[in-house]
Amino acid sequence: MPSESTRLPTAPGPEPYRVLGALPQLLRFGRDPISVAGKLFERYGPLASIVRAPARIMSPGGRAVVLANGPELNREILTEHNRYRMFALPGTFYPEDHELSNGSKVPFRARPERLRPIRRTLTGLFHVNGDEHRRHRRLLQPAFHKTRIDAYRDDMVTLTEKMLDEWHHGQLRDVHADMTELTLRIATKTLFGEDAGERGVALARMMQQWLVTMFSPGMLLRLDLKRLPYARWLDLTRAIDEETVAILRDKQARIADAKHVGADMLSMLVAARDEDGSALDDDELVGHTGVIFAAGHETSTNALAWTLFLLAEHPGAANDLVDELEGLLKGDAPTIEQLGKLPLLDGVVKESMRLLPPVPLHPRVVGEDTELGGHFLPANTELFLSIFHMHHDPAIFDEPGRFLPARWSRIKPSIFEYNPFSAGPRMCIGAAFATMEIKIALAMLLQRFRVELPPRARVDRRVAITMAPRDGLPMRIRPPDRAWRSGPRGSRGNVRELLELPS
Ligand code: HEM
């Protein structure tokens, strides 16, 4: 084993710069993780150090950063979840969590009472490991049971219809913004329930703002001064905490008064009991609420937006899909039973999440010194598993850069070859919810409208955990006239680097 002073991963990678060290490479990765990872895999193989120097991207105690690609590494990292751990993302901005085993500390310039509410955000499902994770997952599972998810179908249909009623032929709309609003409304309704009303929507909007602020570069200053991002983020953290507790109290009172548990997820979590009768405490409930919202909102938005983009660029696939939808649904919204009878819709959604996965890299931290793929990784190494590159591997998928939804009628990759929802004990708990939401929205939208990219529209990517169209997705709303076309009118922008679009 290497000595304490040379405890870097042995995975190969570029050397640091003499003066600037790891910084330029970390900044490059922050700006465009997909292309940096692609170049490193090409040059150094499936397990590559981002730079041969101490480095940290997201975990408070991070020691070095390694990128991993391929089904075998995927299987090991995703199933050995005691060794490859998740970490509390907001913990990067909370001092107590910086005193980790390697003694690293980052200075904070904020009063302790301003930092305290962040504590609760660390208790959601993303932020627990080992037995604690197993216990939480057990308690949350009933809220994600198939019968529960199926019961959200009507809300999804009503809210999609409401959105589509606002659309008119000829309008130029930012459909990414529309999908954001739709998934926010769906998440609010299913998570907080009818009784939370506009209060739930206001809370969801604050959470959305909280996530956006957390990724602004100014956060790294950790300076609690008026108008700086860290101060705004701390204000939002407190406001979200207070409002979630208020909604929670209301749920608890309703359950106590009516002896009836509502159909919303929060009511289910309040009522959840472990085998020994123990329940989730208030801190845990607040934490789970935040994580479920954060995990379930932007991911579905991006899956929907990218699918519309891909259909607009592939007229043949779009027309075939509309044929399938109209043939079975005759203009109506799909029932639960019908959702299982639309193979092309299934193929379109799977193919879209293969080509442009909403979460292209899955982050982990190595919990203890370990060996992976023949290399030594010291404790606290940050790992990024690139789902994007695995989904584009020609050894797994023929013509990997092309959008070919029909391929899903003949291929069945393993869960470690294709996993937009991850795999193993930490697989997305909301996968069935998201799949239903995306399919319902697409089935309804595509029977009422055709969407068209404006000529030479520029579509760039932005990756900050999730992958989104950086500046929205402007689309022209047309009648459902089957006149899908692309060709010379096709888009520009760096999303084209990620796939082969018709020229
Ligand atoms: C297209 C939509 C979605 C995608 C692509 C997606 C993807 C993922 C991925 C990749 C993970 C695992 C991350 C990792 O292993 O590093 C995850 C976890 C999670 N997702 Fe989703 N997700 C989606 C929608 C949802 C929805 C709608 C919900 C809730 C209603 C949700 C709730 C969660 C939660 C709570 C976790 C943490 C699970 C755990 O750690 O045990 N997700 N999701």
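Keep in mind it's a predicted model, so treat the numbers as computed, not measured.

(A) Expanded view of the overall build of the protein. Helix and strand counts for the protein come out as 18 helices and 12 strands. Taken over C-alpha atoms, the radius of gyration comes to 23 Å for the protein, in line with the 23 Å a tight globule of 503 residues would show. Judged by the C-alpha coordinates and their principal axes, the protein covers about 65 × 60 × 45 Å. Out of the 503 residues in the protein, the part that is buried amounts to 44%. Counted over contacts in the protein with a minimum sequence separation of 6, partners at least 24 positions apart contribute 76%.

(B) Inspection of the sheet that holds strand S3 (residues 84-85) at higher detail. One open sheet accounts for five strands, arranged S1-S2-S8-S5-S3; its pairing is mixed. The strands lining the two open edges of the sheet, one partner per strand, are strand S1 (47-49) and S3. Bridge count between S3 and strand S5 (residues 361-366): two bridges; the pairing is antiparallel. Looking at the pairing, Tyr84 lines up with Val366 of S5. Each of S1, strand S2 (64-68), S3, S5 and strand S8 (381-386) is contacted by helix H3 (residues 71-79), which is oriented at about 125° to S8, the strand it contacts most.

(C) Spotlight on the site of the ligand. Looking at the ligand, there are 23 residues lining it, with Ala295, Gly296, Thr299, Cys428 and Gly430 nearest. Among the elements of the structure, helix H13 (282-313), S5 and helix H18 (431-448) are those that each provide at least two residues to the shell around the ligand. Per element, the largest residue contribution to the shell around the ligand is seven residues, and it comes from H13. Residues belonging to the shell around the ligand are distributed by class as follows: 15 nonpolar, six polar and two charged.

(D) Inspection of unusual backbone geometry at higher detail. The phi angle at Lys330 is positive, at roughly 50°, despite the residue not being glycine. In this structure, Lys330 sits in the loop between helix H14 (315-329) and helix H15 (336-339). In the Ramachandran plot, Arg482 falls in the positive-phi region, its phi being about 65° despite a non-glycine side chain. The topology assignment puts Arg482 in the segment after strand S12 (474-478). For Arg482, a count of 12 C-beta atoms within 10 Å puts it in the exposed group.

(E) Examining the nonpolar core more closely. Ranked by size, the top nonpolar core spans 84 residues in total, and within it Leu269 and Leu308 carry the most contacts. In terms of residue count, the dominant contributor to this core is H13 (16 residues). Each residue touching Leu308, except ones within four places of it in the same chain, is listed here: Val175, Val451 and Met475. Core analysis: the next-biggest nonpolar cluster, separate from the first, contains 37 residues, Leu40, Ala55, Leu361 and Phe388 among them.

(F) Spotlight on helix H2 (residues 33-44). The first and last C-alpha atoms of H2 sit 16 Å apart over 12 residues, in line with the 16 Å expected at 1.5 Å per residue. When H2 is considered as a whole, its buried residues turn out to be Pro33, Ile34, Ala37 and Leu40. Buried residues of H2 fall within an arc of 130° about the axis and therefore sit on the same side. For H2, exposure combined with an orientation more than 90 degrees from the buried face picks out Glu42 and Arg43. A positive phi of about 100° marks Gly45, the residue just after H2.

(G) Focus on the confidence of the model for the protein. Per-chain confidence: the protein averages 89 in pLDDT, with 93% of residues scoring 70 or above. Here residues 97-107 is modelled with pLDDT under 50, and outside its nearest four sequence neighbours on either side it reaches 20 contacts, counting other chains as well.

(H) Representation of the sheet that holds strand S4 (residues 172-174) in the model. Strand order in the open sheet formed by three strands is S4-S12-S9, with antiparallel pairing between adjacent strands. For this open sheet the edge positions go to S4 and strand S9 (450-452), each flanked by a neighbour on one side alone. Geometrically, the sheet is characterised by an average inter-axis angle of 40° between neighbouring strands, direction not taken into account. Taken together, the three bridges between S4 and S12 define a ladder with antiparallel strand orientation.

Analysis parameters
- Residues numbered from 1 in each chain as written.
- Predicted model: local features only at pLDDT ≥ 70, side-chain atom pairs only at ≥ 80, totals over all residues.
- Helix = DSSP H or I, 4+ residues; strand = E, 2+ residues; numbered from the N terminus.
- Rg over C-alpha atoms; globule rule 2.2 N^0.38 Å.
- Buried ≥ 20, exposed ≤ 12 C-beta atoms within 10 Å, placed from the backbone.
- Contact = placed C-beta atoms within 7 Å.
- Pairing = 2+ DSSP bridges.
- Axes fitted to C-alpha atoms, helices over the stretch in contact; angles between N-to-C directions.
- Near = placed C-beta within 6 Å.
- Nonpolar A, V, L, I, M, F, W, Y, C, P; charged D, E, K, R; others polar.
- Core = buried A, V, L, I, M, F, W, Y, C linked by C-beta atoms within 7 Å.
- Expected span 1.5 Å × (residues − 1).
- Arc of directions from axis to C-beta.
- pLDDT = per-residue confidence, 0-100.

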